Amino acid sequence: MKSKNQNSGRKVKFVSSNNIMELDDFHAVKANELVAKLRTNVKESIFVEIDCAPNGSLNAFNYGNGLNSVKIIKEIGLPLLRNELAEWERKIKAASNSSFQTDFALGEIAGLWKRISMANYSEMLDWNQPFCLKNEKGLTRIWHPEWRLLGFKNGFSTRSAIMKFIAAGNVYWQKFYMPLSTPECGLNWRMYYRLVFFSPADSFDLELMGGLWISRPGYKIYPEENALVGLVSPLTTAEFI
């Protein structure tokens, strides 16, 4: 079942789904281990989100401040959270002024991506294998050797576009992880998981707040217009030490 998102306070519009996806314990533990490396400040309460395509391995490819995502989780999952609503609102308030943001140098140390430039691209790029490029402005380019077969309009870039992107500077290379299929949609719809952890101030504890699955046609996926968004279980808290 699908329902139109009616939140007038958010500019981004998408369709919400009642279908709740599962996250197994193995991927939850791996996500926790990664977030522990990426959390840089324990002096303030923060939400950390990681984007992944859990399929055998966690296949994480992005991270950042998860405040907006946890608000969407709360909104979509409100009927399931009524008994915990006060606790969720307390955590959201505690992290509302967080300065936490993506640190690309730290992401490189954690193995999410590698810096690429015009000086080293010939050593790093294998045009026979799919890969992604991203910059610190949040722009992404995807290369796939079968892009003509898969469809240019599905989010892939040409070689010339890839080279122009690298030449623009501050670019990072990472492995391309095939997005997951979306059970309730056609074959062209692909999705990934966005998992959100809460880290309270002055503590190394991490709490999995659940997550979102985000699906769109093609291979460039984000929670905007024409996207389908639902919850990832567990929705309630799971603590890791």
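Please refer to the structure higher up on the page.
Described below are features of the structure shown in this document. Since this is a predicted model, take the numbers as computed values, not measurements. (Residues numbered from 1 in each chain as written. Predicted model: local features only at pLDDT ≥ 70, side-chain atom pairs only at ≥ 80, totals over all residues. Heavy atoms only, no water.)

### A look at the environment of P54
With respect to the helices, strands and loops of the structure, P54 is situated in the loop between β4 (46-52) and β5 (60-65). Excluding residues that lie within four positions of it along the chain, P54 makes contacts with H27, L180 and Y193. (Helix = DSSP H or I, 4+ residues; strand = E, 2+ residues; numbered from the N terminus. Contact = heavy atoms within 4.5 Å.)

### Notes on the pairing of strand β12 (residues 206-217)
Of all 12 residues in β12, 11 are buried, a share of seventy percent or more. The pairing of strand β11 (residues 189-199) with β12 spans nine bridges and is antiparallel. Paired with L195 across the strands is G211, a residue of β12. Hairpin connection, β11 to β12: the antiparallel pair is bridged by six residues, and D202 has positive phi, about 60 degrees. (Buried < 20%, exposed > 50% of the residue type's maximum accessible area, 1.4 Å probe, protein only. Pairing = 2+ DSSP bridges.)

### A word on the packing of aromatic side chains
By convention here, two paired aromatic rings are described through the distance between centres and the angle between planes. Tallied over the full model, the rule gives 11 aromatic pairs. An aromatic cluster of three or more residues is present, and its members are Y63, F100, F104, W113 and Y172. A cation over an aromatic ring shows up here: R216 above the ring of Y222, its NZ or CZ 4.2 Å from the ring centre. (Phe/Tyr/Trp six-rings, centres within 6.5 Å; stacked < 30°, edge-to-face > 60°. Lys NZ or Arg CZ within 6 Å of the ring centre and 35° of its normal.)

### Some remarks on the pattern of salt bridges
Considering all chains together, one arrives at seven salt bridges under this definition. D51 is the partner of R194 in a salt bridge, and the nearest nitrogen-oxygen pair spans 2.7 Å. Residue R194 is located in strand β11, and its partner D51 is located in strand β4; the two are separated by 143 residues in the primary sequence. Accessibility classification places R194 together with D51 in one group, the buried group. Two residues, K91 and E207, come together in a salt bridge whose shortest N-O distance is 2.6 Å. Remark: E207 occurs in strand β12 and K91 occurs in helix α4 (residues 85-94); sequence separation between them is 116 residues. Overall, the relative accessible area of 4% leaves K91 in the buried class. Taken together, the salt bridges that share partners define one network made up of E87, R90, K91 and E207. (Salt bridge = Lys/Arg side-chain N within 4 Å of Asp/Glu carboxyl O.)

### Regarding α4
Those residues of α4 that fall on the buried side of the exposure criterion are W88, K91 and I92. Buried residues along α4 cover an arc of 100 degrees about the axis, so they all sit on one side. Away from its buried face by more than 90 degrees, α4 exposes A86 and K93. Buried residues along α4 sit in contact with β4, α2 (67-76), α3 (78-81), β11 and β12. (Arc of directions from axis to C-beta.)

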